[in-house]
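Fold and contact review
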Amino acid sequence: MSALAGLEGVAPGPIGTTGYCMGARLAVRTATSHPDLVAACGGFHGGGLATAEADSPHLKLGNARARFVFGHADHDRSMAPDAVARLGKALQATGLEATNEIYAGAPHGYTMADTAAFDPEATERHFQELRALLDTTLKG
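Residues numbered from 1 in each chain as written. Predicted model: local features only at pLDDT ≥ 70, side-chain atom pairs only at ≥ 80, totals over all residues. Heavy atoms only, no water.

1. Looking at the overall build of the protein
Stated formally: The numbering of helices and of strands both runs from the N terminus, where a helix is a DSSP run of H or I of at least 4 residues and a strand a run of E of at least 2. The atom set for the radius of gyration is the C-alpha atoms, and the globule formula is 2.2 Å times the number of residues raised to the power 0.38. Type-normalised accessible area, obtained with a 1.4 Å probe on protein chains alone, sets the label of each residue: buried when under 20%, exposed when over 50%, and partly exposed for intermediate values. Contacts between residues were defined by any pair of non-hydrogen atoms, one from each residue, lying within 4.5 Å. Accessible areas in this description were obtained via Shrake-Rupley with a 1.4 Å probe; residue shielding takes into account the shown protein chains only.
When helices and strands are tallied, the protein shows four helices and four strands. Starting at the N terminus, the α and β elements of the protein follow one another as α-β-α-β-β-α-β-α. A compact globule built from 140 residues would reach a C-alpha radius of gyration of about 14 Å, and the protein, at 15 Å, matches this within 12%. Overall, the protein is about 40 × 35 × 25 Å in size when its C-alpha atoms are taken along their principal axes. Burial status across the protein gives 41% buried among its 140 residues. Excluding contacts between residues fewer than 6 apart, the proportion of contacts in the protein whose partners are at least 24 apart in sequence is 67%. A total accessible area of about 7,700 Å² is found for the protein, and carbon and sulfur atoms account for 55% of it.

2. Some details on the pairing of strand S1 (residues 15–20)
Regular strands have side chains that alternate between both faces of the sheet. What counts is decided by this rule: A strand pair is defined by DSSP finding two or more bridges across the two strands.
Across the two faces of S1 the burial differs, with Ile15, Thr17 and Gly19 buried and Gly16, Thr18 and Tyr20 not buried at all. Examined bridge by bridge, S1 and strand S2 (residues 38–44) share six bridges and lie parallel to one another. Its bridge partner being in S2, Thr18 is matched across the sheet by Gly42.

Right, dumping it as structure tokens:
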């Protein structure tokens, strides 16, 4: 975190994290490990966010203070509907401000323009939701 804070043009204060695929897990882990620093967390076509494992990211959400936005791929083996529901229940239990939605028809990897999984509509939706998250939490 100190490396980021030391960059030219980086203002002091809270940060936002975002991740795609397995990066969504890392973004959530950052938000739950640094609650005083992370104010916004976005995860898109993420996997493994709410598993039955003891170290599942959703189990640490009570540590976070961030606002969360999740845009899940439809029919995603790495984040099935029951896992999306488990994540939603964990978010509700913490009282955190969050959205946790499945993008109908969007495949895993929908933001990757150089692959067959690319979905322009889902990608645009994710950009809009991520921008709104960052604008409402980080702009002063």
